[in-house]
Amino acid sequence: MRAEARLVGTGAAGGVAIGPAVVIDTVEVEIPVTEDPVASFNDAMAAVQADLIRLQEHARNAGRAEAAEVLGAQALMAEDPMLADSVAAGVASGATLEEAVTNTSAEIAAMFAAIDDPYIAARATDVVEVTDRVRRHLAGVESADLGTIEEPSILVATAITAAETAMLDPSVVLGFITEAGGPTSHVAIIARSLGVAAVVGTPGVVELVSSGDSVALDGTSGEVAIRPNDETTAVFTALRDAFAAAQQAAARFRGVRVTLGSREVAVPANVGSREDVELAIAEGADGIGLLRTEFLFLDRSTPPSEQEQFEFYSFAAQGFRDTVVIRTFDIGGDKPASYLDIDPEENPFLGVRGARLYSQESDLFNTQVRAVLRAATHGDVALMLPMISHVSEIREARAQIAEVAAQLVAEGVDHEVPLIGVMVEVPAVALVADAIASEVDFFSIGTNDLTQYTMAADRTNGVLDGFQDPMHPAVLALCKLTADAAHRNQITVSVCGLAAADPVGAVVLAAMGIDKLSVSGRSVNPTKSVIDSLDPATAERLVQPVLAAASADEVREIVRAANSES
Ligand code: PEP
Ligand code: MG
C-alpha cells in the first residue's frame, strides 16, 4: 500500500467523511491511432450507448426522472447515423480519428445550437457529452458517473458542476473533494443542503488518489488524508463523532425562537428543492429566507412550466406559518441554463445574470411571477429579486409584476401580490441603501456575492480562497450600511449568504442588528444555539472594533476573545 498523504483545501460543507474514493478525472484525453478508425469509432458508439441505457435505468430506478430523461436522449443520439457518417467522412478525407471526432462534435453541436427551438438547441450539450464519452472510451479512460455510484464513497474530482452536485445521492456519496471551487460556490452550497461533507480548492488531489483508496476529509477545516494510517483514521473518526454530537446537541432548539436581548433574531432556511423544504420543516426553521428557484431551471432542456413552478412554490408556502421568500431565478454565473440565449461570457459573474436577464427573458420571468403570485394564496409568500445594481431594475421588475397581476385579475385567477424585496449582493446597492430601501419591502444581504464583488475574487476560483472570507471588515461595513438604512426606512434586513451560518458571522451580523439569519436546513439549530448563547452586552461591544479591524483574521480574533471573556 502507498503511504499516507495529507493535503489541505478549503472546507466547504461541514461534517467528516471516511471511505473509499471514486476518482473522476476530467482531464482532456486524446484518441489513440488505430488501424481501422471507423470500426473503432462504431464499436465505441455501441459501447457508449449500452452504458447510457444502463445509466438511464439506474437513474429511473433511483427516482431521478430528469436525469433519466437526459440519459435517454443521449442514448438515442449515440445511435444516430449523423454522427457516425460525419466521422467516417472526415476519416475518408484524410483526418485522424481525433480530428474527425472533434470536428463532428463541434459542427453538429453548432448546428443544433443555431436552431430557434429551445428543446432542439439543448441537444448541442448532448452531442458534446456523447462524443466526450466516445472519446474517453476510445482512450481507455473510464467515465465515472456521479449519479450512479452504488457503494458509499467519497468523490474526488477536478471539478463538479452545480447541476451534477444536485444529482448526487447523499446516501451513497459520503463526501467529496474537488481541485476547483471556492467555499461559497454553488457546489459548496448544494453539498451543505445535502448534508455531504465537502472540501474544495484542493489542487493536486486527483493525481494523488486512485479509485478504491481510502480517504478522509474534514469539511470544516479542509483537511484531507489520503490512505490514512490507523492513527489518522482514529483522529478523523473522533472528529466525525464530535460533529454528529454537536448536531444532536443543537436539536433542542428545534422550533424554539431565539432572541438577542429583547430583539428576536429569526433563523429561516435556504432551500433549493423539495427535499430541502422537507428538511427545513423537520428542523423547525422560522420559514424560508431564500428559495433558490433557479435549481428548478437547470440541468434540463426546457424551462419548468407555470404549473410545475406553482406546485413547488405552494408546497413550500404551505409548510410554514412564517414568511417564505421566493427568489426569482438567478441564472448565469456558475448556474447556466442551456435553453437561454445567453452568449457564453468570459467572466460570467460580472455579466448577464439574475435580474439582468428579466427584460430580455420576459416570458420566462412573467411565467415565474404568475406562479409566485398564485402560490402566494397558499401562505405568507414574499418575492425577492437577485443581482440588483440599479433602482431602475427594481422599477422595471415591479412594472412587470404589476402587469402579470393585472393579467391574472383579467383572467379571474386566484392570486396575491406579495411583498417585494431585493438581494444586496452588489456593493453599489449597499452604498446607496437608503435610496433603494424606499423602493422595496425588505433587504436580504447575499454575502456570498457581496464578498466576491467587494474583494474582486471569483467565488468559484479555488486558488483565491484567502480573498473569500465574508468576515473581511470591508464586507461587514457594507452589511452595516445596509442594516442601518433598512431600519431607518422601517424595513427588515436578512442575511442569506453562508456568513449567516458561520458561528463568527452569526454573532457579528446579529450584533449589527440583522433581523434574520437564513441558513441551510442543517445549520438552522446550530445557528439558533449560537444566538441563544450570545450575551447582548458583548454583542454591542463587538460592533465598533470589528468594523475598525484590518482583516478577516482580526475580526475572528476579536469575536473569539469577546466570547471567551463573557
Ligand atoms: C449570496 O450571494 O450570498 C446568495 C445567498 O445568493 P447565491 O449564493 O445563490 O448567489
Ligand atoms: Mg448571490
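This text goes with the structure placed above it.
Read on for an overview of the structure. Because the structure is predicted, anything quoted here is derived from the model rather than measured.

Moving on: the overall build of the protein chain. Counting secondary structure elements, the protein chain contains 22 helices and 19 strands. Against the globule reference of 24 Å for 566 residues, the protein chain gives a C-alpha radius of gyration of 25 Å, in line with a compact fold. Along the longest, intermediate and shortest principal axes, the C-alpha atoms of the protein chain span 80 × 70 × 40 Å. Here the protein chain, with 566 residues, has 55% of them falling under the buried criterion. Intrachain contacts of the protein chain at a sequence separation of at least 6 include 69% that bridge at least 24 residues. For the protein chain, the computed accessible surface area is about 23,400 Å², with 53% contributed by carbon and sulfur atoms. Distance between charge centres in the protein chain, computed from 37 positive and 81 negative side chains, equals 8 Å.

Here we take up the coordination of the magnesium ion (ligand 2). Around the magnesium ion (ligand 2), the protein contributes the donor atoms Glu425 (OE) and Asp449 (OD), which lie 2.0 Å from the metal centre. With Glu425 in the loop between strand S15 (419-424) and helix H15 (427-431) and Asp449 in helix H17 (residues 447-455), the pair connects residues that are 24 residues apart, well separated along the chain. With a relative accessible area of 2%, Glu425 lands in the buried category. Using a relative accessible area of 2% as the deciding quantity, one classes Asp449 as buried.

Next up on the list: the site of ligand 1. In the region of ligand 1, 17 residues are neighbours, and Arg292, Arg327, Gly446, Asn448 and Arg459 sit closest. Between ligand 1 and the protein, one listed contact pairs an oxygen atom with a side-chain N or O atom of Arg353 at 3.3 Å. Residue Arg459 places a side-chain N or O atom 2.8 Å away from an oxygen atom belonging to ligand 1. About the coverage of ligand 1: the protein hides 100% of its 290 Å² of free accessible area. Broken down by secondary-structure element, the contributors of at least two residues to the shell around ligand 1 are helix H8 (186-194), strand S12 (288-292) and H17. Ranked by the residues each element gives to the shell around ligand 1, the list is headed by H17, at three residues.

On to H17, then. Here H17 lies mainly inside the structure; seven of its nine residues are buried. Those residues of H17 that fall on the buried side of the exposure criterion are Thr447, Asn448, Asp449, Leu450, Thr451, Gln452 and Tyr453. Ala456, located one to two residues past H17, shows a positive phi value of around 55 degrees.

This part takes up the nonpolar core. Ranked by size, the top nonpolar core spans 98 residues in total, and within it Tyr313, Leu385, Phe443, Val508 and Leu517 carry the most contacts. Among all residues touching Val508, those that are not within four sequence positions of it are Met471, Leu476, Val546, Val555 and Val559. If you look at the next biggest cluster of nonpolar residues, it comprises 27 residues, including Leu97, Ala100, Ala109 and Leu138.

Attention now moves to a nonpolar patch on the surface. A contiguous nonpolar surface patch, about 270 Å² in accessible area, is contributed by Leu431, Val432 and Leu481. Summarising the element assignment, Leu431 is placed in helix H15.

Examined against the element boundaries, Gln368 turns out to sit in helix H13 (residues 362-375). Here the side chain of Gln368 touches Tyr313 through a polar contact of 2.9 Å, side chain to side chain. Setting aside chain neighbours within four positions, we find Gln368 in contact with Thr293, Phe297, Gln309, Tyr313, Arg327, Thr328 and Phe329.

Rules used in this analysis
Residues numbered from 1 in each chain as written. Chains lettered and ligands numbered in written order. Predicted model: local features only at pLDDT ≥ 70, side-chain atom pairs only at ≥ 80, totals over all residues. Heavy atoms only, no water. Helix = DSSP H or I, 4+ residues; strand = E, 2+ residues; numbered from the N terminus. Rg over C-alpha atoms; globule rule 2.2 N^0.38 Å. Buried < 20%, exposed > 50% of the residue type's maximum accessible area, 1.4 Å probe, protein only. Contact = heavy atoms within 4.5 Å. Areas by Shrake-Rupley, 256 points an atom, 1.4 Å probe, with all protein chains shown as cover. Lys, Arg positive; Asp, Glu negative; His and termini not counted. Charge placed at Lys NZ, Arg CZ, Asp CG, Glu CD. Donors = N, O, S within 2.8 Å, 3.2 Å for Na, K, Ca; no water. Near = heavy atom within 4 Å. Polar contact = N/O pair within 3.5 Å; in protein donor to acceptor, adjacent residues only side chain to side chain. Core = buried A, V, L, I, M, F, W, Y, C linked by side-chain atoms within 4.5 Å. Patch = residues over 30% accessible without salt bridge, like charges linked within 9 Å, V, L, I, M, F, W, Y side chains within 5 Å. Salt bridge = Lys/Arg side-chain N within 4 Å of Asp/Glu carboxyl O.

Purely spatial values, then, with no claim about function.
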